[in-house]
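Notes for the structure review
Each chain, letter by letter, is given below.
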Amino acid sequence: MRSLVPADTLVYLETNDLAGALQPIIDNESFKAVAKNQPDISALKGIQLAVMVSGFEMTEEKLTDEHSIGRVQPQFVAIADTHAWNWQAVAFAENKIGVFVMDIYRSDVSQDRTDKNGGTWFTWTASDGRKAFAFVTGSLIYFGNDESAIEKCLAVKRGEADSIVKAGKVTPVNPVILASGYVSRDGVAQLANIVGLQFASGIGEDPDAQSAIAGILPQLLRNSITDITWTATKTENGIEDKYAIDMPPEIASVFSETIASGNGVDSSLIDMVPSGVPIITVYNLKSPQIAWRSVLFMAQKKTDPLGGRVISTFSEGLFEPYGIQNIEMFLSSVGTTLITLRNDKEGENPAIIAKVHNQKTTEESVSNKAKPLVTMENGDRLKEWEGDGSQLKVAFVGGNVVSGENSAVDVCLREGHTKRDPVDPRLFGSVNATITTVGRDNTSALLLIEMLAGEGHGETKAVSTYITETRFTKTGMERRTISDFGMIGTILANLASEK
């Protein structure tokens, strides 16, 4: 399939068997426990699918006179080899894809069919002017929202242009791999622009700060990431997604030395993690202070002088939600295991837990707005501060520090070392994992059931889980995620949420 896609493709995904890629999602217990009926995907068996993104279009949607949101629309082409007769492929495009376009656009659509260039062209036009296109030739169906992108793919098929095979980056097809993908250097650059704008819009309403972040973050990402490859496979524990994020040799070499794993996770800190926290991340670092310094140094080095100064100014603010004013002092005074907690995907109510090696230094690293609240002597020494109007709290107990949002710290103190449901044992994971994140997802299962089974479940709750391990190597960063639905499920859930 990759031989049908242009060499300058920004993002590329493929599967050699669409039904085989979807079946592990349907077979997952989180899906089966809620779905009333198991969807029949036998019609998709053996269908090969490739998806290419040739560009991104950004639009602004006005919500009120004062507020608007930006939307990103990828310009894509999906190529399916149905291995069916041509008349069957044409019928599928005319009927099934037409209904899909109507569903996605939430609008009645008009359809235009034309025979040309040795195949059948379809054009669907929504009431608001949006268009979708398909071209059917033989058993192949080309479908997308950009007619020129389909034309470029057809030029590759005719041998008039190079395919993405030339890059040699997409993992070879084999029976074990459910799906694979690749993000090119240019793809990284364009995605970096999108990430920069999204991140800037979420840091507040200061236009100067937003402008600075929107300019600096894309520059930093473009200079730090070369390309990305991805594979998905089925395992006994779920779907395994592996990401190889290649970096320039200078950055990869430094990070592999400075962001090195420690000697394992301190289990006494795990005991202080409350049960039921949606997102828990454990940092197992040989030297947290050196790791932070190297990240900051490389970030400043890979931007212009002005960007470097802005990064230095903003860097300390990254830890303000945890009640930490001087991160250098904090990291120099704690152990090699750090645990951060987030109570939702947006990062609200965060807290950090660490072993204290030098309490005086740790106390001095805390926000200078904090005031002594109470000191208790009862076996463990407990000393707390509460931020002046900031709803932050820092507590020292049992040789550990817990710092962050008020209620998050209180829960850690209340549940720490008490009889309760055990924390997910996967947090102890591989000793050599530098960063381990365990999370819960309350929305994906229901969205996937809606997408694949056509069922709505109202207020029904369905929890799926995932674990991500991150390591730094001589070539860049490796991430390995085991989850109920995988990256394929995430893509489908996002499509369902956009409907």
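My aim in this report is to walk through the structure given alongside it, one point at a time.

Criteria and cut-off values
Residues numbered from 1 in each chain as written. Predicted model: local features only at pLDDT ≥ 70, side-chain atom pairs only at ≥ 80, totals over all residues. Heavy atoms only, no water. Helix = DSSP H or I, 4+ residues; strand = E, 2+ residues; numbered from the N terminus. Buried < 20%, exposed > 50% of the residue type's maximum accessible area, 1.4 Å probe, protein only. Contact = heavy atoms within 4.5 Å. Areas by Shrake-Rupley, 256 points an atom, 1.4 Å probe, with all protein chains shown as cover. Phe/Tyr/Trp six-rings, centres within 6.5 Å; stacked < 30°, edge-to-face > 60°. Core = buried A, V, L, I, M, F, W, Y, C linked by side-chain atoms within 4.5 Å. Axes fitted to C-alpha atoms, helices over the stretch in contact; angles between N-to-C directions. Nonpolar A, V, L, I, M, F, W, Y, C, P; charged D, E, K, R; others polar. Parallel < 35°, antiparallel > 145°, perpendicular 65-115°, else oblique. Left-handed = near helix turned anticlockwise from the far one by under 90°. Pairing = 2+ DSSP bridges. Expected span 1.5 Å × (residues − 1). Salt bridge = Lys/Arg side-chain N within 4 Å of Asp/Glu carboxyl O.

1. Regarding the overall build of the chain
Broken down by element type, the chain carries 15 helices and 20 strands. Looking at the chain as a whole, 47% of its 499 residues qualify as buried. For the chain, the proportion of contacts with a sequence separation of at least 24, taken over those separated by at least 6, is 64%. Counting every atom, the chain has about 24900 Å² of accessible surface; 52% of that belongs to carbon and sulfur.

2. What about the environment of N223?
With respect to the secondary-structure elements, N223 resides in helix 6 (residues 207-224). Taking relative accessible area as the criterion, N223 reaches 33% and is therefore assigned partly exposed. Residues N223 and A299, spaced 76 residues apart in sequence, show a C-alpha to C-alpha distance of 9.3 Å. Setting aside residues up to four positions removed in sequence, N223 forms contacts with P248, I251 and K302.

3. A few points about the environment of N494
Tracing the backbone through its elements, the reader meets N494 in helix 15 (residues 486-498). Note on N494: relative accessible area 45%, which makes it partly exposed. Between the C-alpha atoms of N494 and L447, which are 47 residues apart in sequence, the distance is 8.1 Å.

4. Observations regarding the packing of aromatic side chains
Evaluated as defined, the whole model comprises 8 aromatic pairs. When the centroid spacing of 6.4 Å and the interplanar angle of 70° are considered together, the rings of W124 and F143 count as edge-to-face. Residue W124 is found in strand 5 (residues 119-126), and its partner F143 is found in strand 7 (residues 140-144); the two are separated by 19 residues along the sequence. Owing to a relative accessible area of 1%, W124 belongs among the buried residues under this scheme.

5. Some remarks on the nonpolar core
Formed by 28 residues in total, the largest nonpolar core has its most connected members in L22, I25, F31, L448, I488 and L492. For this core, the secondary structure elements donating two or more residues are helix 1 (18-27), strand 8 (177-183), strand 9 (227-235), strand 10 (238-246), helix 14 (444-453) and helix 15. The element best represented in this core is helix 1, accounting for 6 residues. Look past the residues within four positions of L492 in its chain and what remains in contact with it is L22, I25, L448, M451 and L452.

6. A word on the packing of helix 9 (residues 288-301) against helix 10 (residues 305-315)
It is at 8 Å that the axes of helix 9 and helix 10 come closest, and there the two elements cross at 150°. Touching W292, L296, A299 and Q300 of helix 9 are G308, I311, S312 and S315, all from helix 10. The residue makeup of the contact of helix 9 with helix 10, split by class, is 4 nonpolar, 4 polar and no charged.

7. Side note on the environment of N358
Note on placement: N358 falls in the loop between strand 13 (351-356) and helix 12 (359-365). Here the alpha-carbon distance between N358 and F330, two residues 28 residues apart in the chain, equals 9.2 Å.

8. Here's the deal with the packing of helix 7 (residues 249-258) against helix 9
Between helix 7 and helix 9, the shortest axis-to-axis distance is 9 Å and the interhelical angle comes to 165°. Relative to helix 9, helix 7 is oriented roughly antiparallel. In the packing of helix 7 onto helix 9, the handedness of the crossing is right-handed. Of helix 9, the residues touching helix 7 (which contributes E250, I251, V254, F255 and T258) are I290, A291, S294, V295, M298 and K301. Its residues assigned to classes, the contact of helix 7 with helix 9 shows 7 nonpolar, 2 polar and 2 charged.

9. With respect to the pairing of strand 4 (residues 109-116)
Each regular strand carries side chains that alternate between the two faces of the sheet. Pairing between strand 4 and strand 5: 8 bridges, direction antiparallel. Across the sheet, R113 pairs through a bridge with F122, a residue of strand 5. Linking two consecutive strands that pair antiparallel, namely strand 4 and strand 5, is a turn of 2 residues; a positive phi of about 55° is found at N117 within it.

10. Here's the deal with unusual backbone geometry
Most peptide bonds take the trans configuration, and most residues that are not glycine carry a negative phi. We note that H83 has phi near 55°; this positive angle belongs to a residue other than glycine. Mapped onto the secondary structure, H83 falls in the loop between strand 3 (68-81) and helix 3 (86-105). Positioned with a positive phi, N117 is a non-glycine residue whose angle comes to about 55°. For N117, a relative accessible area of 56% gives the class exposed.

11. Description of helix 3
Compared with the 28 Å implied by 1.5 Å per residue over 20 residues, the 27 Å span of helix 3 between its first and last C-alpha is a close match. Among all positions of helix 3, only A89, V90, A93, I97, G98, V101 and Y105 are buried. On the buried face of helix 3, the contacting elements are strand 4, strand 5, strand 6 (131-137) and strand 7. R106 occupies a position one or two residues after helix 3 and carries a positive phi of about 50°.

12. Regarding the pattern of salt bridges
A complete count under the given rule lists 17 salt bridges for this structure. The salt bridge partner of R113 is E94, with a shortest N-O separation of 3.1 Å. One end of the pair, R113, is in strand 4; the other, E94, is in helix 3, and 19 residues separate them in sequence. Since its relative accessible area comes to 29%, E94 is described here as partly exposed. One network of salt bridges, with partners in common, ties together E240, K242, E469, R471 and R480.

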